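Per-entry structural report
For reference, the chains in residue letters:
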Amino acid sequence: MNEKITPVLLGADLNCYNFARAFHEAYGVSSYAFGRYEISATKGSKIINFKVVPDIDNEETMIRELTAFAKEHEGEALYLFGCTDDYAAMIIRRKAELPQF
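Keep in mind it's a predicted model, so treat the numbers as computed, not measured.

Our focus in this paragraph is the sheet that holds strand S4 (residues 77-82). Reading across the sheet, the four strands line up as S3-S2-S1-S4 and stay open at both edges, with parallel pairing between neighbours. This sheet does not close on itself; its edge strands, each paired only once, are strand S3 (48-52) and S4. On average, adjacent strands in this sheet sit at an angle of 20° to one another, irrespective of strand direction. Inspection of the sheet shows strand S1 (residues 5-10) paired to S4 by six bridges, in the parallel sense. Following the sheet pairing, Thr6 is matched in S4 by Leu78. Packing against the sheet, helix H1 (residues 14-27) makes contact with S1, strand S2 (31-35), S3 and S4, and its axis sits at approximately 170° to S1. In this fold helix H2 (residues 59-72) packs onto S1, S2, S3 and S4, with an angle of close to 165° to the strand it touches most, S1.

Under the definition given, this model contains seven salt bridges. Between Glu25 and Arg21 there is a salt bridge, with its nearest N and O atoms 2.8 Å apart. With Glu25 and Arg21 both in helix H1, this residue pair falls four residues apart, about one helical turn. Glu25 gets classed as exposed once you look at its relative accessible area, which sits at 56%. Overall, the relative accessible area of 42% leaves Arg21 in the partly exposed class. Across the salt bridge formed by Glu59 and Arg93, the nearest N and O atoms sit 2.6 Å from each other. Of the two residues, Glu59 is situated in helix H2 and Arg93 in helix H3 (residues 85-93); the sequence distance between them amounts to 34 residues.

A full pass over the atoms with the stated rule returns six aromatic pairs. Where Phe23 meets Tyr27, the ring centres are 6.1 Å apart and the plane angle is 35°; that geometry is what we call tilted. Of this pair, Phe23 and Tyr27 both sit in helix H1, separated by four residues, roughly a single helical turn. Members of the aromatic cluster, connected to one another through ring pairs, are Phe19, Phe23, Tyr27, Tyr79 and Phe81.

Rules behind the numbers
For every chain, the first residue of its written sequence is number 1, and the numbers climb from 1 along that sequence. Local features are withheld for residues below a pLDDT of 70 in this predicted model, meaning they are given only at 70 or higher, and side-chain atom pairs are given and counted only at 80 or more; totals for whole chains, interfaces and linings count all residues. The basis for the side-chain values is all heavy atoms of the structure; hydrogens and waters are excluded. Two strands are counted as paired when DSSP detects at least two bridges linking them. Numbering goes from the N terminus for both helices and strands, where a helix is a DSSP run of H or I of at least four residues and a strand is a run of E of at least two. Every axis corresponds to a line fitted to the C-alpha atoms, with the helix fit spanning only the stretch in contact, and the corresponding angles, defined between N-to-C directions, vary from 0 to 180 degrees. For this analysis, residues touch if any pair of their heavy atoms sits within 4.5 Å. Throughout this description, the term salt bridge denotes a Lys or Arg side-chain nitrogen within 4 Å of a carboxyl oxygen of Asp or Glu. Exposure is judged per residue with a 1.4 Å probe applied to protein chains only, and the accessible area is read against the type maximum: over 50% gives exposed, under 20% gives buried, and values in between give partly exposed. Put simply, two rings from Phe, Tyr or Trp (the six-membered ring, in Trp's case) pair if the centres are within 6.5 Å, and we call them stacked under 30 degrees between planes, edge-to-face over 60, tilted for the rest.

Now the structure itself:
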C-alpha cells in the first residue's frame, strides 16, 4: 500500500481509544479523533491527535470538520469510524457527502 493510512474517529471514549490502539499496533500510525470534550480514555494519548469540537454531534458541523480535514490530508487513505452508535448513524446518513473516506 503506497498511501498513508489515516484513521479518523468520531468520539472520545474507550472505544475510540481501542480503535486508535488497534491501528497503532497494526500499522504504527496515530489516529485523529473529534469529540465534544476530552475524557480520560483519549486525553493526552500519544497515539491520538484529539480535537475538541463541542457540537461535532451536529451533522452540519461533522460534515464541515471532516471535509476540511480531508482537504488537509489529500492523498492519504482516510478511514472514518463512529465510535458510538450515534456517530456511526450520522456517518451512514451522510456518507454520500463524505466520499473522501
